[in-house]
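Here's the letter readout for the chains.
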Amino acid sequence: MLTHQQFGTSVDDAPAAADAEQARRPLRIAVIGTGYLGAVHAACMAYQGHSVVAVDADAGKAAALAAGRPPFFEPGLEELLAEVAPTGRLTFTTDYALTAGSDVFFLCVGTPQQQGGYAADTTYVYAAARSVAPYLTSDSLVVGKSTVPIGTAAAVRDTMAALAPAEVTVRLVWNPEFLREGVAIQDTLHPDRFVYGVQGPTAEADIALLDRVYATSLADGTPRVVTDYVTAEMVKTAANSFLATKISFINAMAEICESAGGDVVKLAEAIGHDERIGRKFLGAGVGFGGGCLPKDIRAFRARAEELGLGQSLAFLHEVDGINQRRRDRVVDLVAQLSGGGHAGVRVAILGAAFKPHSDDVRDSPALSIAAALQDRGAHVRVFDPKAMPNAKHVAPQLQYAADMWDACADADVVAVLTEWPEFRTADPVALANVVRRPVIIDGRNALPGSAWTAAGWTYHALGRAAAASALPRKDSHS
Ligand code: UGA
């Protein structure tokens, strides 16, 4: 018979060993909201060994995920769901009662831009908080992952405290999520860092419990920064604001290059060699879109204004403005390349998603450019490898093509606005045979320009000398 001694522990150590055993126990986790964030988080937590119940108010979404069919495109998610399903550790439901007994409740709902304003709509965060409150115990922890305005975490904790059973001390950590769509699984399993915003008498225990959730990633060496609530809320919006500013900075340089005759891609390469600057997120083109960067910089500014600090973030207005001008620039360029007007010009729009490897069309530069061209009388045909259903849903007025070739048939101008691999590697010789005029706008600086030029195309890249050549130079010496 094995004794405690043989396990390398003494009888006196038994309570400590039991504690250690308890600390290693996989956790029961509830995830509220199963959008890009929640569905990926739930699947990854189950993959790492925890038992997960994921709740969504949308029965169709919950049913699709339960059947292993994500209602959106995220590379690897379907495979991950299939891998986790046989373990029985992952449940999708609409029933909050199934979250009873969870150790940790993750709030992963969206915070979209308010209708008719710039502030974030936190309705879903408070609704999720109210829904989990009855199931809380003093041992359980609520972890907010949504991107929220300053002051939300404290208010959410108060909301739950008012609704939780009387004897319960509500425990809350704000733990912003930094995943990018398209690489969301990689970002969740191997994040750059964890941020824990903690506050109150249970802070130490809260940190210890969240460390157990993330034990696998922490063991891999992922850094962890512990802050107060406000700092944690700000880390997320500050990070997204910085990224948006970096993109708009290089796009402002693109505007100068277009007018003065420079090459923004070379400029980015050259300044990017400075490690303090770095080459990442200096991709000039039609700018940023999606469900995060645009609305987060607006919400951050709106909240700063509410706090009487509008001046501190006034520059984000210009960041947004530069970004919008990039879209206008493509609309103008189509006219310039077509003899001055839009009426009757046939434009192939390649791309509808806000970026490749995603089917998300929220605030997509490609769709907003397509709509603006159509409003001005152009004949627009849009194609995207993954985002067609979403694009048709949000922009039903546009014409859609069956594939890239169909979109380009008889086109006067082809505009590549989302840099999907199939567009980057398209054969310029073959494509020249289907268009009416071989004119291409490289809206993402993603194509091998010399190959397109060699194939007889008039190639225009945003922020590069070739694109500028079609424009009147604003040269004071001329
Ligand atoms: C962004 C952040 O990168 C994530 O860290 C954050 O977690 C997420 O928002 C969020 O708040 O949830 P995401 O919106 O998935 O992630 O996309 P990004 O990869 O950041 O791209 C945003 C937009 O910027 C895209 O339209 C992309 O085409 C554009 N972009 C990106 C450029 O125009 N140039 C670049 O150099 C890089």
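Residues numbered from 1 in each chain as written. Predicted model: local features only at pLDDT ≥ 70, side-chain atom pairs only at ≥ 80, totals over all residues. Heavy atoms only, no water.

1. Focus: the confidence of the model for the chain
And step 1. Here the chain averages 93 in pLDDT, and 92% of its residues register 70 or above.
And step 2. Low confidence marks residues 1-13, where pLDDT is under 50. Its contacts with residues over four positions away, or in another chain, come to six contacts. (pLDDT = per-residue confidence, 0-100. Contact = heavy atoms within 4.5 Å.)

2. Re unusual backbone geometry
And step 1. Positive phi, close to 45°, is recorded for Asp 363, a residue that is not glycine.
And step 2. Look at Asp 410: it is not a glycine, yet its phi comes out positive at around 60°.
And step 3. With respect to the element layout, Asp 410 can be found in the loop between helix H16 (404-408) and strand S12 (413-416). (Helix = DSSP H or I, 4+ residues; strand = E, 2+ residues; numbered from the N terminus.)

3. A word on the environment of Leu 189
And step 1. Turning to its location among the elements, Leu 189 is positioned in helix H7 (residues 184-189).
And step 2. Judged by its relative accessible area of 13%, Leu 189 falls in the buried class.
And step 3. Distance from Leu 189 to Tyr 214, taken between C-alpha atoms, is 9.1 Å for residues 25 residues apart in sequence.
And step 4. Every residue in contact with Leu 189, bar those within four places of it in the chain, is listed here: Cys 44, Tyr 47, Gln 48 and Ser 217. (Buried < 20%, exposed > 50% of the residue type's maximum accessible area, 1.4 Å probe, protein only.)

4. Considerations on empty space enclosed by the protein
And step 1. Per the counting criterion, the structure on display carries two cavities of 30 Å³ or more.
And step 2. Looking at the largest cavity, its volume works out to about 80 Å³.
And step 3. Lining the largest cavity are Thr 111, Ala 120, Thr 147, Val 148, Pro 149, Ile 150, Thr 237, Lys 295, Asp 296, Ala 299, Phe 300 and Arg 303.
And step 4. Looking at the lining of the largest cavity element by element, the count peaks at five residues for helix H12 (residues 293-306).
And step 5. Split into classes, the residues belonging to the lining of the largest cavity amount to six nonpolar, three polar and three charged. (1 Å grid on protein atoms, 1.4 Å probe; cavity = no way out; pocket = protein on both sides within 12 Å on 5 of 7 lines; lining within 4 Å. Points joined across faces, edges and corners; volume = space filled by probe spheres on them. Nonpolar A, V, L, I, M, F, W, Y, C, P; charged D, E, K, R; others polar.)

5. Focus: the pattern of salt bridges
Any two side chains of opposite charge can pair, on the condition that their charged atoms come close.
And step 1. Summed over the entire model, instances satisfying the criterion amount to 25 salt bridges.
And step 2. A salt bridge links Arg 171 to Asp 206, with the nearest nitrogen and oxygen atoms 2.6 Å apart. With Arg 171 in the loop between helix H6 (152-163) and strand S6 (172-174) and Asp 206 in helix H8 (residues 203-213), this pair connects stretches of sequence that are 35 residues apart. Here the two residues Arg 171 and Asp 206 agree in accessibility, since each one is buried.
And step 3. In this structure, the salt-bridge partner of Glu 258 is Arg 326, at a minimum N-O distance of 2.9 Å. Separated by 68 residues along the polypeptide, Glu 258 in helix H10 (residues 229-260) and Arg 326 in helix H13 (residues 315-336) bring together distant segments of the chain. Each member of the pair, Glu 258 together with Arg 326, is buried. (Salt bridge = Lys/Arg side-chain N within 4 Å of Asp/Glu carboxyl O.)

6. Quick notes on the side chain of Ser 358
And step 1. With respect to the helices, strands and loops of the structure, Ser 358 is situated in the loop between strand S9 (346-350) and helix H14 (365-375).
And step 2. On the basis of relative accessibility, which here comes to 0%, the residue Ser 358 falls in the buried class.
And step 3. The contacts of Ser 358, once residues within four sequence positions are left out, are Phe 73, Glu 181, Ala 353, Lys 386 and Trp 420.

7. Regarding the pairing of strand S4 (residues 104-107)
And step 1. In S4, alternate side chains face the same way, and those of Val 104 and Phe 106 on one face and Phe 105 and Leu 107 on the other are all buried.
And step 2. Strand direction decides the pairing type here: strand S1 (residues 28-32) and S4, joined by four bridges, are parallel. Among the inter-strand pairings, Ala 30 is bridged to a residue of S4, identified as Phe 105.
And step 3. Direction of pairing for S4 relative to strand S5 (residues 141-144): parallel, over a ladder of four bridges. Pairing of Leu 107 across the sheet is with Gly 144, part of S5.
And step 4. Read as a crossover between parallel neighbours, the route from S4 over helix H5 (residues 123-132) to S5 is right-handed. (Pairing = 2+ DSSP bridges. Right-handed = clockwise from strand over helix to strand, strands pointing away.)

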